[in-house]
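Report on the structure
These are the residues of each chain, in order.
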Amino acid sequence: RKRVAVFISGGGSNMLALADACTAPDFPAEIVAVFSDKPSAGGIEKAQARGIKTFVFERKGFAGKAEHEAAILAALDEVKPDILCLAGYMRLFSAEFISRYEGSILNIHPALLPLFPGLHTHERAIQAGVKIAGCTVHFVTEGMDEGPIVAQGAVPVLADDTPETLAGRVLTVEHKLYPLALKLLAEGKVRMEDGRAITSPGTVTGIAD
Ligand code: GAR
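Source: prediction; values computed, not measured.

Some points on the nonpolar core
Val-6 and Cys-85 are the most contacted members of the largest nonpolar core, which has 44 residues in total. The dominant element in this core, judged by the number of residues it contributes, is helix H6 (residues 163–186), at 10 residues. Not counting chain neighbours up to four residues away, the residues in contact with Val-6 comprise Met-15, Leu-18, Ile-31, Ala-33, Val-34, Phe-35, Cys-85 and Ala-87. If you look at the next biggest cluster of nonpolar residues, it comprises 22 residues, including Ala-5, Leu-73, Leu-84 and Val-140.

A closer look at the pairing of strand S9 (residues 196–199)
Here strand S8 (residues 190–193) runs beside S9; their pairing, made up of four bridges, is antiparallel. Looking at S9, one finds that Arg-191 is bridged to Ile-198. Here S8 folds back onto S9 in antiparallel fashion, the turn holding two residues, of which Asp-194 has a positive phi close to 50°.

Points about helix H2 (residues 42–49)
Taken together, the buried positions of H2 are Gly-43, Ile-44 and Ala-47. Considered in projection along H2, the buried side chains sweep an arc of 110° and stay on one side of the axis. Exposed side chains of H2 directed beyond 90 degrees from the buried face belong to Glu-45 and Ala-49. Elements that come into contact with the buried residues of H2 comprise strand S1 (2–8), helix H1 (13–22), strand S2 (29–36) and strand S3 (54–56). Positive backbone phi, at 75°, marks Gly-51, one or two positions downstream of H2.

As for the packing of H1 against H6
Close contact between H1 and H6 brings their axes to 9 Å; oriented N to C, the two are set at 45°. When the axes of H1 and H6 are compared, the pair comes out oblique. Like other packed secondary-structure pairs, H1 and H6 cross with a definite hand, here right-handed. Residue-level inspection shows Ser-13, Asn-14, Ala-17, Leu-18 and Ala-21 of H1 in contact with H6, the latter providing Leu-171, Glu-174, His-175, Tyr-178, Pro-179 and Leu-182. Residues belonging to the contact of H1 with H6 are distributed by class as follows: seven nonpolar, three polar and one charged.

A word on unusual backbone geometry
With an omega dihedral of 10°, the bond running from Leu-113 to Pro-114 counts as a cis peptide bond. If you trace the backbone, Pro-114 turns up in the loop between strand S5 (105–109) and helix H5 (121–128). In the Ramachandran plot, Lys-80 falls in the positive-phi region, its phi being about 50° despite a non-glycine side chain. Examined against the element boundaries, Lys-80 turns out to sit in the loop between helix H3 (65–79) and strand S4 (83–86). Positive phi outside glycine occurs at His-120, with the angle close to 55°. Position of His-120 relative to the elements: it lies in the loop between S5 and H5. Judged by relative accessible area, which is 56%, His-120 ranks as exposed.

Description of H6
Helix length check: H6 (24 residues) gives 33 Å between terminal C-alpha atoms against 34 Å at 1.5 Å per residue, within 8%. The sharpest bend along H6 reaches about 25° and sits at Glu-174. Backbone geometry just downstream of H6 places Gly-188 in the positive-phi region, at approximately 75°.

A word on the pattern of salt bridges
Overall, the coordinates contain nine salt bridges when judged by the stated rule. Close ionic contact of Lys-189 with Glu-187 constitutes a salt bridge, the shortest N to O distance being 3.6 Å. Judged by its relative accessible area of 35%, Lys-189 falls in the partly exposed class. The exposure class of Glu-187 is partly exposed, given its relative accessible area of 35%.

Here is what the cut-offs are and how they apply
Residues numbered from 1 in each chain as written. Predicted model: local features only at pLDDT ≥ 70, side-chain atom pairs only at ≥ 80, totals over all residues. Heavy atoms only, no water. Core = buried A, V, L, I, M, F, W, Y, C linked by side-chain atoms within 4.5 Å. Buried < 20%, exposed > 50% of the residue type's maximum accessible area, 1.4 Å probe, protein only. Helix = DSSP H or I, 4+ residues; strand = E, 2+ residues; numbered from the N terminus. Contact = heavy atoms within 4.5 Å. Pairing = 2+ DSSP bridges. Arc of directions from axis to C-beta. Axes fitted to C-alpha atoms, helices over the stretch in contact; angles between N-to-C directions. Parallel < 35°, antiparallel > 145°, perpendicular 65-115°, else oblique. Left-handed = near helix turned anticlockwise from the far one by under 90°. Nonpolar A, V, L, I, M, F, W, Y, C, P; charged D, E, K, R; others polar. Expected span 1.5 Å × (residues − 1). Bend = angle between axes of the 7 residues up to and from the residue. Salt bridge = Lys/Arg side-chain N within 4 Å of Asp/Glu carboxyl O.

And the structure:
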């Protein structure tokens, strides 16, 4: 089983969805550590309650980004993950950090990329008047929410949606999509090559609620 480190900054519901998937005996991955940049992240206790090792590295505890990342990399050297899953981790890694785990870092973003990268995605989707919204799991590259797409999940946008109601509907699909995408990477059914996601023929990479 591939060893996975999950990075969170908040409630950690996607981390829990991954942890739940990993409890299935035939799932090809296991979570070996959860990293947070926020000591207050609700996901930390949830991970600990499942016996998962946790690490908190607050950015403000370090002189600069390089020192912060060096501390994280040193801890990663201890837990030796094969795959990093960013799950609501609200911080960008440097090119140097990413190159250490090139092709092995996934992120989930609550929009159908390349539409609505960055913050306030649901508000912007509603303002744009789109009728289908969703979420994307992609390989992490240097740019924010920019790497090659691994899988996407779709939901309808309802006429009376607020950013909050839409976020809730999207989050439900995130919890199905992220385990699916992690499974594909762990099984070698998707890989990053020359900046593209190469997926085995016949693989399902799009889901709808
Ligand atoms: C999720 O909706 C995730 O897609 C989003 O933050 C939320 C975290 O929730 N990520 C981003 O916006 C990253 N650009 P969770 O902590 O309950 O998994």
